[in-house]
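Descriptive structure summary
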Amino acid sequence: MRTRPLKVALLGCGVVGSEVARIMTTHAEDLAQRIGAPVELAGVAVRRPDRVRAGVDPALVTTDAAGLAAREDIDVAVEVIGGLEPARTLITSAFEHGASVVTANKALLAEDGSTLHESAEKYGVDLFYEAAVAAAIPLVRPLRESLAGDKVNRVLGIVNGTTNFILDRMESTGAGYSEALDEATALGYAEADPTADVEGFDAAAKAAILAGIAFHTRVRLDDVHREGLADVTAADIASAKRMGCTVKLLAICERAEDGRSVTARVHPAMIPLSHPLASVREAYNAVFVESEAAGQLMFYGPGAGGSPTASAVLGDLVAACRNKLSGGKGPGESAYAQLPVSPMGEVVTRYHISLDVADKPGVLAQVATVFAEHGVSIDTVRQKGKEGAHDGAWLVVVTHRAQDAALSATVEALRGLDTVRGVASIMRVEGE
């Protein structure tokens, strides 16, 4: 074993960073055996030194993140600050000074991953980011390496634990969205400002990363269609149950049937109870991959939290350090396919539409005509009178597969009917 230690710069020391520092210290001997050389924490960059967590050597703490990232003796920089800046500048600086980088920064990768890959390639260093998607679940490396010889056609996943917890509570207890969100906040699953989670921004960033790796093409955050949970109601959950389905916030990345384009989207959807993703409860994550040779694969586990995320960071750290010792580097960005990302209007799936209609003869015929005029085929229809109302009813329509643009045009036309008082909800049906 080489005796000179490999030096690691830790950029950020919050929940994840402090856990990385703890594991590096307590498992130092094991890490050295796995890598073939000792690893030494050379510095810890923070914004507020008075808030550094217990177990981190105060002598290593600095507020000069730029200076730490630019040190010539750093072998690997671990970035767990998050956000776009100063993370982007620090990572680029580390590359320029010969350090490989391990990051958990999904937002930056989704926004500017191609530039970071190009910079890492230019300076002959590694960029690893297993922790950026689904924390401890091994997902990035299997897609990038284990399935590199296969053709992945679809990636379907629950990649945000907060939203999965909320939907699980709505289903299991009958709670409304606001009540379930309050419980998630009280238990620490949701942040004080839950916007990134409940509006789908977090999942959309992960979808962009997964689509890029799976389809060997560049997919940015702006390419991902995004819808959040705010419009999901207890009635939607109940309707899904009647169909033998459950509701999940899904990240869906698909290759077009002709193979000439891809799509990436995040939105609530009904999935059959028979689908493996339907059984994913609480704040867990799971990703379902469909490929031509391997078939169907599922990856499951905790998708957030200090320890799970630190586990993924340390796995990447070991790989980066091994490469430093051998003088090699891991795989870079495989964006050779350069497939275009199709707009949401071209996505084809099934739909569940709930309409508030007048309860009188001819309404169903009018509604069916509108669907037919827009080329959307109806699979099933269910009508139920409103309790305590004599002239109103709920009409629930489930379609066959149709283009999203055709469904949107259908809904607009339905809103123009005198007999349709409102479109209560529209939800896609996936996983069949």
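A brief structural summary. Since the structure is predicted, the reported quantities are computational estimates derived from the model, not experimental observations.

**Re the nonpolar core**
L143 and I166 are the most contacted members of the largest nonpolar core, which totals 77 residues. Ranked by residue count, the leading element in this core is helix α10 (residues 201-215), at 11 residues. In contact with L143, other than residues within four places in its own chain, are A148, V152, L210, I213, A214 and V289. Core analysis: the second largest hydrophobic core is formed by 33 residues, A21, V44, V46 and L317 among them.

**Focus: the side chain of E79**
Within the secondary structure layout, E79 lies in strand β4 (residues 76-79). No salt bridge is formed by the buried E79; its nearest oppositely charged neighbour, K106, is found at 10 Å. Among the polar contacts made by the side chain of E79, one reaches the main-chain amide nitrogen of I81 at a distance of 2.8 Å. Setting aside its immediate chain neighbours within four residues, E79 contacts L11, A87, I91, V102, T103, A104 and N105.

**Thoughts on the packing of helix α2 (residues 28-35) against helix α12 (residues 306-326)**
With their axes 9 Å apart at the nearest point, α2 and α12 run at an angle of 45° to one another. By the criterion of interaxial angle, the relationship of α2 to α12 is oblique. The two elements α2 and α12 meet at a crossing, and its hand is right-handed. Counted together, L31, R34 and I35 of α2 and L314, V318, C321, R322 and L325 of α12 form the full contact between these two elements. Partitioned by chemical class, the residues of the contact of α2 with α12 number 6 nonpolar, no polar and 2 charged.

Thresholds, definitions, all that
Residues numbered from 1 in each chain as written. Predicted model: local features only at pLDDT ≥ 70, side-chain atom pairs only at ≥ 80, totals over all residues. Heavy atoms only, no water. Core = buried A, V, L, I, M, F, W, Y, C linked by side-chain atoms within 4.5 Å. Buried < 20%, exposed > 50% of the residue type's maximum accessible area, 1.4 Å probe, protein only. Helix = DSSP H or I, 4+ residues; strand = E, 2+ residues; numbered from the N terminus. Contact = heavy atoms within 4.5 Å. Lys, Arg positive; Asp, Glu negative; His and termini not counted. Salt bridge = Lys/Arg side-chain N within 4 Å of Asp/Glu carboxyl O. Polar contact = N/O pair within 3.5 Å; in protein donor to acceptor, adjacent residues only side chain to side chain. Axes fitted to C-alpha atoms, helices over the stretch in contact; angles between N-to-C directions. Parallel < 35°, antiparallel > 145°, perpendicular 65-115°, else oblique. Left-handed = near helix turned anticlockwise from the far one by under 90°. Nonpolar A, V, L, I, M, F, W, Y, C, P; charged D, E, K, R; others polar.

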